[in-house]
There are 4 protein chains.
Amino acid sequence: MSKQIIYTVRVEFGDCDPARIVWFPNFFRWIDAASRHFFVGCGVPPWHETEKASGIIGTPLVDTHARFVKTASYGDTLNIHTSIAEWRDKSFVQRYSVMRDNLESDAGAPDLIMACDEVRIFAARREGSATAIRAVPIPPDIRALCE
Amino acid sequence: MSKQIIYTVRVEFGDCDPARIVWFPNFFRWIDAASRHFFVGCGVPPWHETEKASGIIGTPLVDTHARFVKTASYGDTLNIHTSIAEWRDKSFVQRYSVMRDNLESDAGAPDLIMACDEVRIFAARREGSATAIRAVPIPPDIRALCE
Amino acid sequence: MSKQIIYTVRVEFGDCDPARIVWFPNFFRWIDAASRHFFVGCGVPPWHETEKASGIIGTPLVDTHARFVKTASYGDTLNIHTSIAEWRDKSFVQRYSVMRDNLESDAGAPDLIMACDEVRIFAARREGSATAIRAVPIPPDIRALCE
Amino acid sequence: MSKQIIYTVRVEFGDCDPARIVWFPNFFRWIDAASRHFFVGCGVPPWHETEKASGIIGTPLVDTHARFVKTASYGDTLNIHTSIAEWRDKSFVQRYSVMRDNLESDAGAPDLIMACDEVRIFAARREGSATAIRAVPIPPDIRALCE
């Protein structure tokens, strides 16, 4: 297993849709931030620094699978628990549990709002292209920081 | 199988991130619009009308699984092909293929940028709550319009 | 003068555009959250509660004027200083200074990133319409909480 | 006066907030796209091409002033009429009128939803910095294309 880092989000009025619940693309906005904060929290430099040092420009998504369990709305505070569930040769599985403190329940157990497993790669630019990218092998120094 | 409806998106500068490619939560923004346009394209009224007629406020997500195949950037035009792959008792599988016209290739076959399968429900409000929702059975009239 | 409330924002990778600086519509996203947090910080209930009690559904914008002074990028932490500069009969001027701690300067004075003056109203729904709104006089109880 | 270019936007469910009207930061998202489409419509190359040719990375905002006249909601189609109201030495004023076709009125005159005047600059990167930018004089070839 990897380290686990928590990223905290306040749900705002503008994050909610006419049904008065979080408009779901916003969960992916927060999960993307949680993904980067996981690496920062593990001590990995920001991508604009790694781009200069090793060419790595970020960890784009290859595949994502999310389950929406309960709704959230504005005023809620969400804790996104982030870890890396699996390391592969050129990709890794990043796992997220979006939890809400449940002040009203007796047990006080937090509510699971959403769970998500992502496959991401470490990417560098393809030479001769402004936008094309390619996967690079998992950098051992970054992996060591995360474990 | 259901009808298939195409929703067209222009990728804008602000849809792209510092890696100069579409920031992935925007794909879900467009897919959510494509989901609604599918129903509109099939002749289903907008949700603020169905809410008055039958209490249905929309089709929130239960589960989504997306694969990101190629990157896209600003200047691209994307066609989102949307259909319903499966009807269940209280949910349905909505399927999306995000395609980009490939002007440069010999064959001219469009590029698959992203594919996504969603499980959605038809939702109504729970009585006595401003934000809680509940699944309702698939409305036969809406299903008939989509097939 | 009114109270002043500070709302803090972390700038994320996805908030930045291909020029690697904050894409400006995101400043308005944060300012809208700062507007609401100002009222919450002053003790005003959330709008879904005021809607039930007095019909007020929020404080929509009538007019906004913003100056962009310095750029910001991901990794920055921004403090949005919010106050009410003027109360009018049916509107008010809400004022924002978006500041970034400047760790590198000798003086350590924070950088002004953006300044914004907004005219907002207190709004209620128009009867018989799902979307039309109307301005209501400044609620004295809300004003008293803010001063 | 300059050319006038129209950029058309469909308002989507997710563009609207719990008050069921367009959440205002989305207007700036559309205006930013309209700004770029103005230049594209006048025959100016995309910014990733101008960056290579002349170092220009885009036209960041210096100042914006917007008036919100009527609300819009999902299902609406908006036409953003864009022109350049004034050329200065190192900046220009870009003007927007966001109009909605008014199918219900007798006269059929379109509704003005929002009006906006922006001051923008042509920007290039500052040497030695990944994010700092500087204003450059109005490129005469770009100005000629817009008039």
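This text goes with the structure placed above it.
This is a predicted model, so every value here is computed, not measured.

Engineer: Sorry, what's going on with the sheet that holds strand E8 (residues 133-136) of chain C here?
Structural biologist: Within a sheet, adjacent strands bond to each other through the backbone by hydrogen bonds, running parallel or antiparallel. All names here are of chain C. Pairing within the open sheet is antiparallel, and its 3 strands lie in the order E2-E7-E8. Either end of the sheet is taken by a strand with one partner, and the two such strands are strand E2 (56-58) and E8. Strand-to-strand, the axes of this sheet are offset by a mean angle of 55°, without reference to chain direction. Bridge count for strand E7 (residues 122-125) against E8 is 4 bridges, and the pairing is antiparallel. The residue bridging arginine 125 from the neighbouring strand is isoleucine 133, located in E8. Sheet contacts for helix H2 (residues 47-54): E2 and E7; angle to E2, the most-contacted strand, approximately 160°.

Engineer: It is not clear to me how the interface of chain B and chain A should be interpreted in this structure. Could you clarify?
Structural biologist: Interface size is commonly expressed as the accessible surface area that is lost when the partners come together. Between chain B and chain A, the residue contacts involve 27 residues of the former and 27 residues of the latter. Between chain B and chain A the total buried area reaches about 2300 Å² when both faces are included, carbon and sulfur atoms providing 63% of it. Linking chain B with chain A are 0 salt bridges, by the criterion used here. Between chain B and chain A we count 8 residue pairs in polar contact (both at pLDDT 80 or more) in total. Where the side of chain B that touches chain A is concerned, the elements lending two or more residues are helix H1 (25-41), strand E3 (61-68) and strand E6 (111-120) of chain B. Among the elements that line the side of chain B that touches chain A, the one with the most residues is E3 of chain B, at 8 residues. In the side of chain B that touches chain A, the residues fall into 14 nonpolar, 5 polar and 8 charged. Here 5 bridges tie strand E3 (residues 61-68) of chain A to E3 of chain B, and the two strands are oriented antiparallel to one another. Each residue of the ladder has a partner; that of arginine 67 of chain A, found in E3 of chain B, is aspartate 63 of chain B.

Engineer: Just checking my understanding: could you explain the pattern of salt bridges for this structure?
Structural biologist: Between side chains of opposite charge, a pair can form as their charged atoms come close. Enumeration over the complete set of coordinates arrives at 45 salt bridges over all chains. One salt bridge in this structure joins arginine 143 of chain B and glutamate 147 of chain B, with 2.9 Å as the shortest N-O distance. Arginine 100 of chain C is the partner of aspartate 111 of chain C in a salt bridge, and the nearest nitrogen-oxygen pair spans 3.4 Å. Placement of aspartate 111 of chain C in strand E6 (residues 111-120) and of arginine 100 of chain C in strand E5 (residues 92-100) is noted, with a sequence separation of 11 residues between them. There is no split in this pair, since aspartate 111 of chain C and arginine 100 of chain C are both buried. Each of Lys70, Asp76, Arg100 and Asp111 of chain A takes part in salt bridges that share partners, so that together they form one network.

The rules behind these values
- Residues numbered from 1 in each chain as written.
- Chains lettered and ligands numbered in written order.
- Predicted model: local features only at pLDDT ≥ 70, side-chain atom pairs only at ≥ 80, totals over all residues.
- Heavy atoms only, no water.
- Pairing = 2+ DSSP bridges.
- Helix = DSSP H or I, 4+ residues; strand = E, 2+ residues; numbered from the N terminus.
- Axes fitted to C-alpha atoms, helices over the stretch in contact; angles between N-to-C directions.
- Contact = heavy atoms within 4.5 Å.
- Buried area = accessible area lost by both parts, 1.4 Å probe.
- Salt bridge = Lys/Arg side-chain N within 4 Å of Asp/Glu carboxyl O.
- Polar contact = N/O pair within 3.5 Å; in protein donor to acceptor, adjacent residues only side chain to side chain.
- Nonpolar A, V, L, I, M, F, W, Y, C, P; charged D, E, K, R; others polar.
- Buried < 20%, exposed > 50% of the residue type's maximum accessible area, 1.4 Å probe, protein only.

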